[in-house]
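Given next are the chains, with one letter for each unit.
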Amino acid sequence: MMKSSKNRRHFLKNFALGCIGATALPAVVTAKSTEAGSEADGTAAAGKAPGGRGFNESYKGRYIDRVAFPIGGIGAGMFCIEGTGAISHMSVRHNPEMFFEPAMFAAISIKGMPDGARVLEQQIPGWKKFGQRDAGLGGTGGATWGLPRFAEAAFKARFPFADISLKDPAMPLAVNIKGWSPFVPTDEDNSSLPVGALEYQFTNTGKSPQEFVFSYNTRNFMRQGDAGNHISSLKNGFILSQETIATAPEKQGHFAIFTTDDATVTDHCWFRGGWFDSLSMIWNTVKAAEVKNNPPVEKDAPGASLFVPFRLKPGEKKTIRLLMAWYVPDSKLRIGDDASGDHPGQPRFHRPWYSSRFKDINEVADYWKTNYDTLQQKTSLFTNAFYKSTLPPEVTEAVAANLTILKSATVMRQYDGRFWCWEGSGDNWGSCHGSCTHVWNYAQAVPHLFPALERSLRNTEFRENQNADGHQGFRANIPISPLVHNFHAAADGQLGGIMKVYRDWRISGDNDWLKTIYPAVKTSMDYCIRTWDPRRKGVVEEPHHNTYDIEFWGPTGMCTSFYLGALKAFTLMGKHLGNDVADYAALYENGKKFLETTLFNGEYFIQKIQWTGLNAPDPAKAQSFHTHYSEEAQRLLQAEGPKYQYGEGCLSDGILGSWIARVCGMDEPVDAAKTKSHLLAVHKYNLKKDLSAHANPQRPTFALGNEGGLLLCSWPKGGMLSLPFVYSNEVWTGIEYQVASHLMFMGEVEKGLEIVRACRSRYDGSVRNPFNEYECGHWYARAMSSYGMLQGLTGVRYDAVDGTLFIDSKVGDFTSFISTDKGFGTVSLRNGKPSLQVAYGAIPVKQAVVAGKTMQLG
């Protein structure tokens, strides 16, 4: 790591000067029909994490142990390819199954070579070896772990591509595996397919020709019972199936595995027997470099294999494409009370979007095979554009790693295509339902990459989730339907939604959409004022539920900054539509003054705890979530006030609404100097390089021991309460990234990067999966705040309403990725001159504004 900010700035400047030049901005830029591969990598030599692995570089040795990279479509389910090459996390039934490792494996055999058969994976990581994961008789992966494997592997991610190289000194063969699934920003449908692929490339490194047999082998892991399970034929492969059961239609499911190689031979039915017979017999076949051509049987086939024999001369290569597709049209997922009852024609339970697009597994498999090359080319255009970045490698790594959330079981699309999400994925259940507004506030990737999906969240929030009074529920039903309003609104979620309407309008340029949704936004804004600021002080004063799952009592810097941002956004939208918004503008000015004086202690923003003189009842009698007032708590209430506040604390989210406003395309609603002072205090007091002496009785596994991280809160000037808010001692990656991004906006690049390095060093593959930043569940949505660092470092933002490209670089010259409503590509700044290269679609730029200076173009 760089030893000083000066050295780091010198590094960043030289780093940026190495970027490839681009052409000047035309008035309207459209994508060129150029073809690109997934190997492009414009990043320079990466900085090193503690321990030696370079950020944005390959994972090897101990760093590969926990790597698991999601493959699948948005809302379609997933499986992971591990750093070793194994398949795990098989979650294709609309429910997370984090530890489901089906007994499926690829293998290579060399004819005539003793011990010339290997599973196409590295040796089993040590953490898997202890415990009875599988006695060998069931359907999980443990049964295969005793089979021979390659000696070593290296894993490199270039999202959404995962590249694995396998080596073994005993094998005259080099193996490379490429796992991927389509990901084309602005094309949400082709990015939501229930498909994935593994491409196996073999190179004969020996001195003589060799004959090989590639095989892919699996138990029927789709089997859900004794009735209706079978393995059927598909060209160059097979389909694992569980047919529908009258009393349990959700158990129907199909998983296709096939190649594009017409030399493929298929064994549709493994040996049927007891004990370990099936796996033993198929390994005998693999070891002997044989192929088997068994036809399908009516039912109870334990597993299936496909074989591809081939011959290679010394130095010759062969690639085998293995395609996978799945189809599970029904589920038993239904959450929430519908205020209007069941709707004719609407499914009672969740059905995935792809079931409305394809009628069966054969249609999915055919579409995947027919469009494979085109989808790979378009996906590669994204990958090449994204990795042309000259931004610091820890930022590139963090942003890309968290894009995997969009391929995880955390996200879903219901039958009509609308986005619906968990907060994260539990081990075997969705964690915290309903596209939770106060968590998804932080996530900045979807509005830029897939704006139509993001706007569908706004439509749900301001229609099904909002009643006539303006109360907005923060958790949507599934299937999406009108809510029963029986709990608090979330102040940060509802106010953040108003800012996000502004953001989504500017990204899309859709004035008609704004006109349509604006009346509901006004109803929401008026509800927020009545409920949390009834005395019209311009501050959120009444108890307000928020992302910490409790209510803050009295005005807080955190939610008042949301309030000011929402008032600002509402005023800007209202003026655009020709409405009188003077009262809202005046309220904003009152609140801004209060926040910058009463709620600012000279260094950072605080909370003024208040629980008397409000409209709300006694805290002990108020509706809350797990906030029980025992006799002891009643005494604490009288001494300190309500439980779960932060008071004089330095809250990492203490000026969060100002960051939300910034990433939503507005000027920050709070004094810049005071905001910067708060962020510097957060960095000073809350960032810990070693947590060994830190006491955390809450959820410590996010960061603990000698690891570093950014605490949610600290009390450097005293005043820590006996029971501060319930997560106060924890470390959340989503907050780390929003603080880092906000520091970058303020020009404090090195301090922001220091937080990012602390975070990504915890996710280096040795203990935690680098592609699974967890909070309340795996692949936690808040971590997509990382995408905001692209804007924080470069100031790059495209406004489709005015056709303006904004740039305000904090790192000098740069090249960085940009995605808009109609296309994506790269933006570069060299010697103060901007350029835009569109890789896909179109970005109709009329002018650029660089550090406040307007440049007319074309």
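See the structure shown above.
A brief report on the enclosed structure follows.

Parameters and conventions
Positions within a chain are numbered from 1, following the residues in the order the chain's sequence is written. Selection of residues for local features in this predicted model requires a pLDDT of at least 70, selection of side-chain atom pairs for listing and counting requires 80 or more, and totals for whole chains, interfaces and linings are taken over all residues. The basis for every side-chain value is the complete set of heavy atoms in the structure, and neither hydrogens nor water enter the calculation. Comment: elements are numbered from the N terminus, with helices defined as DSSP H or I runs of at least four residues and strands as E runs of at least two. With the radius of gyration taken over C-alpha atoms, the globule rule is written as 2.2 Å times the number of residues to the power 0.38. Relative accessible area decides the class of each residue, using a 1.4 Å probe on protein chains only: under 20% of the type maximum gives buried, over 50% gives exposed, and in between gives partly exposed. The contact definition used throughout considers only heavy atoms, calling two residues in contact when any of these lie within 4.5 Å. For the accessible areas, the method is Shrake-Rupley and the probe is 1.4 Å, while residue cover comes only from the protein chains on display. His is not counted here, nor are the chain ends, while Lys and Arg score as positive and Asp and Glu score as negative. For the purpose of locating charges, the reference atoms are NZ of Lys, CZ of Arg, CG of Asp and CD of Glu. Note on aromatic pairs: the rings of Phe, Tyr and Trp (six-membered ring only in Trp) are paired at centre separations within 6.5 Å, and the planes decide the class, stacked below 30 degrees, edge-to-face beyond 60, tilted for the rest. Sitting over a ring, as applied to charges here, requires NZ of Lys or CZ of Arg to be within 6 Å of the ring centre and within 35 degrees of the ring normal. In what follows, a disulfide is any cysteine sulfur pair within 2.5 Å. In this analysis, axes come from line fits to C-alpha atoms, helices being fitted only over the stretch in contact, and the angle between any two N-to-C directions falls in the range 0 to 180 degrees. Angles below 35 degrees are treated as roughly parallel, those above 145 as roughly antiparallel, those between 65 and 115 as roughly perpendicular, and all remaining angles as oblique. Handedness of each helix crossing follows the sense of rotation of the near helix against the far helix: counterclockwise by less than a right angle gives left-handed, clockwise gives right-handed. The nonpolar class holds Ala, Val, Leu, Ile, Met, Phe, Trp, Tyr, Cys and Pro. Asp, Glu, Lys and Arg form the charged class, and all remaining residues, Gly among them, are polar. What makes a nonpolar core is a set of buried Ala, Val, Leu, Ile, Met, Phe, Trp, Tyr and Cys residues whose side-chain atoms join them at distances within 4.5 Å. When DSSP finds two or more bridges between two strands, those strands count as paired. Any Lys or Arg side-chain nitrogen located within 4 Å of an Asp or Glu carboxyl oxygen qualifies as a salt bridge. Pairs of N or O atoms are called polar contacts if they sit within 3.5 Å, as long as, within protein, a hydrogen donor faces a hydrogen acceptor (for residues adjacent in sequence, only side-chain-to-side-chain pairs).

### A closer look at the overall build of the protein
Thinking step 1. When helices and strands are counted, the protein shows 18 helices and 36 strands.
Thinking step 2. Here the protein has a C-alpha radius of gyration of 28 Å; the compact-globule value for 858 residues is 29 Å, and the two agree.
Thinking step 3. Dimensions along the principal axes, computed over C-alpha positions, put the protein at roughly 85 × 65 × 55 Å.
Thinking step 4. Expressed as a percentage of the 858 residues in the protein, the buried residues total 63%.
Thinking step 5. Of all intrachain contacts in the protein linking residues separated by at least 6 positions in sequence, the fraction that spans at least 24 positions is 70%.
Thinking step 6. A total accessible area of about 29,900 Å² is found for the protein, and carbon and sulfur atoms account for 50% of it.
Thinking step 7. On the protein, the mean spot of the 90 positive side-chain charges and the mean spot of the 86 negative ones are 5 Å from each other.

### Focus: the packing of aromatic side chains
Thinking step 1. Following the criterion strictly, the structure yields 50 aromatic pairs and no others.
Thinking step 2. Here Trp 420 and Trp 422 contribute two aromatic rings whose centre-to-centre distance is 5.0 Å and whose plane-to-plane angle is 85°, an arrangement assigned as edge-to-face.
Thinking step 3. Classification of Trp 422 as buried rests on a relative accessible area of 5%.
Thinking step 4. Geometry around Trp 353 places Arg 413 over its ring, the cationic atom sitting 4.6 Å from the centre.

### Observations concerning the state of the cysteines
Thinking step 1. Under the definition given, this model contains zero disulfides.
Thinking step 2. The thiol sulfur of Cys 80 is not disulfide-bonded, and the nearest other cysteine sulfur, from Cys 421, lies at 17 Å.
Thinking step 3. Unpaired in terms of disulfides, Cys 421 finds its nearest cysteine sulfur in Cys 436, a separation of 11 Å.
Thinking step 4. On the accessibility criterion, Cys 421 (0% relative accessible area) is buried.

### With respect to unusual backbone geometry
Thinking step 1. Residue Pro 160 is reached from Phe 159 by a cis peptide bond, and omega for that bond is 0°.
Thinking step 2. Positionally, Pro 160 belongs in the loop between strand E9 (152-158) and strand E10 (161-167).
Thinking step 3. Ile 478 connects to Pro 479 through a cis peptide bond whose omega is -10°.
Thinking step 4. Mapped onto the elements of the fold, Pro 479 is located in the loop between helix H8 (451-462) and helix H9 (491-508).
Thinking step 5. With phi around 55°, Asp 115 is a residue other than glycine that occupies positive phi space.
Thinking step 6. As for its placement among the helices and strands, Asp 115 is situated in the loop between strand E6 (104-110) and strand E7 (117-122).
Thinking step 7. A positive phi is found at Asp 549, a non-glycine position, where the angle reads about 65°.
Thinking step 8. Tracing the sequence through the fold places Asp 549 in the loop between strand E24 (544-545) and strand E25 (551-552).

### Focus: the packing of helix H16 (residues 733-745) against helix H17 (residues 749-762)
Thinking step 1. Packing of H16 against H17 leaves a shortest axis separation of 7 Å and a crossing angle of 160°. The orientation of H16 relative to H17 falls into the category roughly antiparallel. Judged by the sense of rotation from one axis to the other, the crossing of H16 with H17 is left-handed. Counting all contacts with H16, which are made through Thr 733, Glu 736, Tyr 737, Val 739, Ala 740, Leu 743 and Met 744, the residues of H17 involved are Val 749, Lys 751, Gly 752, Leu 753, Ile 755, Val 756, Cys 759, Arg 760 and Arg 762.
Thinking step 2. Each residue belonging to the contact of H16 with H17 can be placed in one class, and the counts come to ten nonpolar, two polar and four charged.

### Quick word on the packing of helix H14 (residues 656-663) against H16
Thinking step 1. Contact pair H14 / H16: the axes reach a minimum separation of 10 Å and the direction vectors enclose 65°. Between H14 and H16, the angle falls in the class roughly perpendicular. With respect to the hand of their crossing, H14 and H16 are arranged in left-handed fashion. Side by side, H14 and H16 meet where Leu 656, Ser 658, Trp 659, Arg 662 and Val 663 of the first sit next to Gln 738, Ser 741, His 742 and Phe 745 of the second.

### Overview of the nonpolar core
Buried together is how nonpolar side chains tend to be arranged in soluble globular proteins.
Thinking step 1. Counting residues in each nonpolar core, the largest one holds 227 residues, and the members touching the most others are Phe 202, Phe 214, Tyr 216, Phe 255, Met 525 and Tyr 548.
Thinking step 2. Counting residues in each nonpolar core, the second largest holds 14 residues, with Val 119, Val 213, Val 286 and Ala 289 among its members.

### Side note on helix H5 (residues 393-403)
Thinking step 1. Counted residue by residue, H5 has eleven buried out of eleven residues, so it is predominantly covered.
Thinking step 2. Inspection of H5 places Pro 393, Glu 394, Val 395, Thr 396, Glu 397, Ala 398, Val 399, Ala 400, Ala 401, Asn 402 and Leu 403 among the buried residues, and these make up the whole buried set.

### Side note on the environment of Phe 79
Thinking step 1. Locating Phe 79 in the fold gives a position in strand E4 (residues 77-82).
Thinking step 2. Since its relative accessible area comes to 0%, Phe 79 is described here as buried.
Thinking step 3. Taking the C-alpha atoms as reference, Phe 79 lies 49 Å from Gln 634; in sequence the two are 555 residues apart.
Thinking step 4. In contact with Phe 79, other than residues within four places in its own chain, are Phe 69, Pro 70, Ile 71, Ile 87, Ser 88, His 89, Met 90, Phe 255, Met 324 and Trp 326.

### Examining the sheet that holds strand E17 (residues 265-267)
Thinking step 1. Overall, mixed pairing links the six strands, which are arranged E8-E7-E6-E13-E18-E17 in an open sheet. Looking along the sheet, the strands with just one partner apiece sit at the ends: strand E8 (149-150) and E17.
Thinking step 2. Examined bridge by bridge, E6 and strand E13 (residues 210-219) share seven bridges and lie antiparallel to one another. By the bridge assignment for E13, Phe 105 is matched with Asn 217.

### Notes on the sheet that holds strand E2 (residues 59-60)
Thinking step 1. Read from one edge to the other, the open sheet built from nine strands follows the order E2-E9-E10-E11-E12-E19-E16-E15-E14, with strand pairing classed as antiparallel. Every interior strand has two partners, whereas the edge strands, E2 and strand E14 (229-234), have only one.
Thinking step 2. Sheet analysis places strand E11 (residues 173-180) next to strand E12 (residues 195-204), joined by eight bridges and oriented antiparallel. Counterpart to Gly 179 in the pairing with E12 is Leu 198.

### Re the pairing of E10
Thinking step 1. A large share of E10 lies buried, amounting to five of its seven residues.
Thinking step 2. One ladder, built from seven bridges, connects E9 with E10; its direction is antiparallel. If you follow Glu 152 over to E10, its bridge partner there is Lys 167.
Thinking step 3. If you look at the hairpin formed by E9 and E10, you'll find two residues sitting between the two strands.
Thinking step 4. The turn joining E10 and E11, which pair antiparallel and follow one another in sequence, is formed by five residues.

### Quick look at the side chain of Lys 643
Thinking step 1. Within the secondary structure layout, Lys 643 lies in the loop between helix H13 (631-640) and strand E26 (650-651).
Thinking step 2. The buried charged residue Lys 643 lacks any salt bridge, with Glu 632 as its nearest oppositely charged partner at 9.3 Å.
Thinking step 3. In this structure the side chain of Lys 643 is engaged in a polar contact, spanning 3.3 Å, whose partner is the side chain of Tyr 644.
Thinking step 4. With near-sequence residues (within four places) excluded, Lys 643 lies in contact with Thr 627, His 628, Tyr 629, Ala 633 and Leu 723.

### Topic: the side chain of His 742
Thinking step 1. One can find His 742 in helix H16.
Thinking step 2. The class for His 742 is buried, based on a relative accessible area of 0%.
Thinking step 3. Side chain to side chain, His 742 and Glu 668 meet in a polar contact 3.0 Å long.
Thinking step 4. Sequence-distant contacts of His 742, that is, excluding residues within four places in its chain, are made with Ile 655, Ser 658, Trp 659, Glu 668, Thr 675 and Leu 679.

### Details of the pattern of salt bridges
Opposite charge on two side chains permits them to pair, given that their charged atoms come into close proximity.
Thinking step 1. Inspection of the entire model under this criterion finds 46 salt bridges.
Thinking step 2. Between Lys 592 and Glu 596 there is a salt bridge, with its nearest N and O atoms 2.9 Å apart. Taken together, the positions of Lys 592 and Glu 596, both in helix H12 (residues 582-597) and four residues apart, correspond to about one turn of that helix.
Thinking step 3. Glu 603 is the partner of Lys 717 in a salt bridge, and the nearest nitrogen-oxygen pair spans 2.8 Å.

Taken by themselves, the reported measurements are silent on function.
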